[in-house]
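Here are the chains, one letter per residue:
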Amino acid sequence: RPYYNLGKIAEEDGDFPLAAHYYEKAIEVNPGNPHSYYIAGSFRIRVFQITGDEKQLRPASLRLKRCIALAPGHVQARVALGFVYFELDHDSGAVDELKTVLYLDPGNVHAKELLVSNHIVPKPAEKVDFHISPPQPWKTWLIMCMLFFMAVLCIMYVYYLAME
């Protein structure tokens, strides 16, 4: 959190390289936090919007993709990634991201505005295929234990039938 605050202060002062340093440091300190990636990616978008520096778009897309990999339901990151894709002329990727947003949040105004501003009529929310987070370790162990006990019960039943 302190690096985020330092980055915000540097950004407000207009010191974009220092702000980028602090936002990246926040990722280093806690690489499992999807919000840190979202903050760093959206910062790069703001720098692009202020300066017109298209070199900011690639790092923005990388940070936002990582955020989505960690938190597939992160709607704001998907909207921001859709914006980046449109700016990089990767319209199909943008549409896919924004369709996912409208599936997750059918009333999302930002996604609809992005689609309309790029001359794409937003359709009613439809089911889309997006990556779900991997199973948690305890769920895997639970499933493994259940399978083991089912196998033991089957063996016991076959043994019981053989004894009759």
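Just so you know, the residues in each chain are numbered from 1, in the order the chain's sequence is written. Where local features are concerned, this predicted model is filtered to residues with pLDDT of at least 70; where side-chain atom pairs are given and counted, the filter is 80 or more; whole-chain, interface and lining totals use all residues. In computing side-chain properties, one takes all heavy atoms of the structure into account and sets aside hydrogens as well as water.

Asker: Now, about the overall build of the protein chain: what can you tell me, with residues and values included?
Answerer: Across its full length, the protein chain holds eight helices and zero strands. For every residue, the accessible area obtained with a 1.4 Å probe (protein chains only) is divided by the maximum for its type, and the residue is called buried under 20%, exposed over 50%, and partly exposed between those limits. Looking at the protein chain as a whole, 36% of its 164 residues are labelled buried. Within the protein chain, residue pairs in contact and separated by at least 24 positions form 43% of the contacts whose partners lie at least 6 positions apart. Under the scheme used here, helices are H or I runs from DSSP no shorter than 4 residues and strands are E runs no shorter than 2 residues, and both carry numbers assigned from the N terminus. We call two residues in contact when some of their heavy atoms are within 4.5 Å.

Asker: Before we move on, could you go through unusual backbone geometry and cite the residues and values that matter?
Answerer: Phi is positive for Asp89, close to 60°, though the residue is something other than glycine. Structurally, the position occupied by Asp89 is in the loop between helix H5 (75-87) and helix H6 (91-104). Of note in this structure, His119 is not a glycine but carries a positive phi near 60°. Examined against the element boundaries, His119 turns out to sit in the loop between helix H7 (109-117) and helix H8 (137-163).

Asker: Any details on the packing of helix H3 (residues 34-51) against H5? Residues and values, ideally.
Answerer: Axis definition: a line fitted to C-alpha atoms, over the contacting stretch in the case of helices. Angles run 0 to 180 degrees between N-to-C directions. Viewed as axis vectors pointing N to C, H3 and H5 meet at an angle of 35°, and their least axial separation amounts to 10 Å. Both H3 and H5 take part in a crossing whose hand is left-handed. Within the contact between the two elements, H3 uses Tyr38, Ile45, Phe48 and Gln49 and H5 uses Gln76, Ala77, Ala80, Phe83, Val84 and Glu87. Of the residues belonging to the contact of H3 with H5, the class tally is seven nonpolar, two polar and one charged. A clockwise turn of the near helix away from the far one marks a right-handed crossing, whereas an anticlockwise turn of less than a right angle marks a left-handed crossing. Note that Gly is not counted as nonpolar here; it falls among the polar residues with everything else outside the nonpolar set of Ala, Val, Leu, Ile, Met, Phe, Trp, Tyr, Cys and Pro and the charged set of Asp, Glu, Lys and Arg.

Asker: Describe the pattern of salt bridges, listing the residues and the values that go with them.
Answerer: We define a salt bridge as a side-chain nitrogen of Lys or Arg found within 4 Å of a carboxyl oxygen belonging to Asp or Glu. Across all of its chains, the model carries four salt bridges by this definition. Here Glu11 ties to Arg46 by a salt bridge, and the two come within 2.6 Å at their closest N and O atoms. Note that Glu11 is positioned in helix H1 (residues 2-12) and Arg46 in helix H3, a separation of 35 residues in sequence.

Asker: Summarise the layout of surface pockets; cite the residues concerned and give the values.
Answerer: A water-sized probe rolled over the atoms picks out the places where empty space is left. We place a 1 Å grid over just the protein atoms. Points where a 1.4 Å probe fits but has no way out form a cavity, open points with protein on both sides within 12 Å along at least 5 of 7 lines form a pocket, and any residue with an atom within 4 Å of a point lines it. Grid points are joined across faces, edges and corners, and a volume is the space filled by probe spheres set on the points. Volume-wise, the largest pocket comes out at about 280 Å³. Forming the walls of the largest pocket are 13 residues, and the residues nearest its centre are Tyr38, Gln76, Val79, Ala80 and His110. Counting only elements with at least two residues in the lining of the largest pocket, the list comes to H3, H5 and H7. Of the residues in the lining of the largest pocket, the class split is seven nonpolar, five polar and one charged.

Asker: Residues and numbers for the nonpolar core, please.
Answerer: Counting 37 residues, the largest nonpolar core has Tyr38, Phe43, Ile45, Leu64, Val84 and Phe86 as the members making the most contacts within it. Among the elements of the structure, helix H2 (16-29), H3, helix H4 (57-70), H5, H6 and H7 are those that each provide at least two residues to this core. Looking at this core, the element that brings in the most residues is H5, giving nine residues. With residues up to four places along the chain from it excluded, the contact list for Tyr38 reads Leu64, Cys67, His74, Gln76, Ala77 and Ala80. Only buried residues count toward a nonpolar core, which is a set of Ala, Val, Leu, Ile, Met, Phe, Trp, Tyr and Cys residues joined through side-chain atoms within 4.5 Å.

Asker: Summarise the environment of Asp91; cite the residues concerned and give the values.
Answerer: Along the polypeptide, Asp91 turns up in helix H6. Taking the C-alpha atoms as reference points, Asp91 and Asn118, 27 residues apart in sequence, are found 8.8 Å from one another. Not counting the four nearest positions on each side in its chain, Asp91 is found in contact with Tyr85 and Phe86.

Asker: If you had to explain the side chain of Glu24 to someone new, which residues and values would you point to?
Answerer: For Glu24, the location among the structural elements is in helix H2. Classification of Glu24 by relative accessible area gives buried; the value is 18%. When sequence neighbours within four positions are dropped, the list of residues in contact with Glu24 reads Ala40, Arg44 and Arg63.

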